[in-house]
Amino acid sequence: MGVESKNGAQLEKILDGFTINWMNMRNARTGELVWEQEWPANWKTEEISAEIPATIMKCKEVSRELNFTSAQEIKDLSLTQRVFLGNACLEEWHFDFGFVIPGSTNSWQSTIEAADEQDMLNPAEISGMVRIETSFMSGAEEFNRSVVRIFYV
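Residues numbered from 1 in each chain as written. Predicted model: local features only at pLDDT ≥ 70, side-chain atom pairs only at ≥ 80, totals over all residues. Heavy atoms only, no water.

Undergrad: In this structure, what is going on with the overall build of the protein chain? I would like to understand it.
TA: Broken down by element type, the protein chain carries 2 helices and 9 strands. With the C-alpha coordinates of the protein chain rotated into their principal frame, the extents come out at 45 × 35 × 25 Å. By residue count, 43% of the 153 residues in the protein chain fall in the buried class. Across the protein chain, every contact between residues at least 6 apart in sequence was considered, and the portion connecting residues at least 24 apart equals 65%. As presented, the protein chain carries roughly 8400 Å² of accessible surface, and 47% of it is formed by carbon and sulfur atoms. Taking the average location of the 13 positive side-chain charges in the protein chain and that of its 24 negative ones, the two points are 2 Å from each other. (Helix = DSSP H or I, 4+ residues; strand = E, 2+ residues; numbered from the N terminus. Buried < 20%, exposed > 50% of the residue type's maximum accessible area, 1.4 Å probe, protein only. Contact = heavy atoms within 4.5 Å. Areas by Shrake-Rupley, 256 points an atom, 1.4 Å probe, with all protein chains shown as cover. Lys, Arg positive; Asp, Glu negative; His and termini not counted. Charge placed at Lys NZ, Arg CZ, Asp CG, Glu CD.)

As structure tokens, then:
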């Protein structure tokens, strides 16, 4: 998951100094914590897995909080997430954070609205088949792409 760009050396520095500390998801309407996980060190280079309670699929809105540390300045941090079931991309979301101060730890909270109940898939049937691919961007350039496989428990 290397970086190929005219700014490759700078993007490598950003990636080397960028750490996801933890992530959580809450029912955005009630604030109830549904899932939380410290992030494994190998997230930058390998597919990782997350065991998420199937009850998350009943939430009308989910609040996701991502806690990260950056050693480097990032002028315009954003991410794009694609949700795959097998090889089919079901959803794509874009989130903007903005300027990141060098040497800072930040929390980034986003709210995601769920599909209508009749459009929701059965978590027992799709567990282990869902992958979330996240592209981390500095401006228009990707500095990492990570993959998380979702298991509903």
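Undergrad: Got a minute to help me understand the pairing of strand E4 (residues 61-70) in this structure?
TA: Put simply, side chains in a regular strand alternate between the two faces of the sheet. Counting buried positions over the 10 residues of E4 gives 8, a clear majority of the element. With 9 bridges joining them, strand E1 (residues 18-27) and E4 adopt antiparallel strand pairing. Paired with threonine 19 across the two strands is threonine 69, which belongs to E4. (Pairing = 2+ DSSP bridges.)

Undergrad: Explain the environment of glutamate 142 to me, please; I cannot follow it from the model alone.
TA: With respect to the secondary-structure elements, glutamate 142 resides in strand E9 (residues 141-152). A relative accessible area of 27% means that glutamate 142 is categorised as partly exposed. In this structure the side chain of glutamate 142 is engaged in a polar contact, spanning 2.9 Å, whose partner is the side chain of serine 135. A polar contact of 3.0 Å, which involves the side chain of glutamate 142, links it to the side chain of arginine 145. (Polar contact = N/O pair within 3.5 Å; in protein donor to acceptor, adjacent residues only side chain to side chain.)

Undergrad: Sorry, what's going on with the environment of isoleucine 132 here?
TA: Note on placement: isoleucine 132 falls in strand E8 (residues 130-138). Separated by 16 residues in the primary sequence, isoleucine 132 and valine 148 have C-alpha atoms spaced 5.2 Å apart. Apart from residues lying up to four places away in sequence, isoleucine 132 is in contact with Gln81, Arg82, Val83, Ser146, Val147, Val148 and Ile150.

Take it as geometry only, folks, not as evidence of what the structure does.
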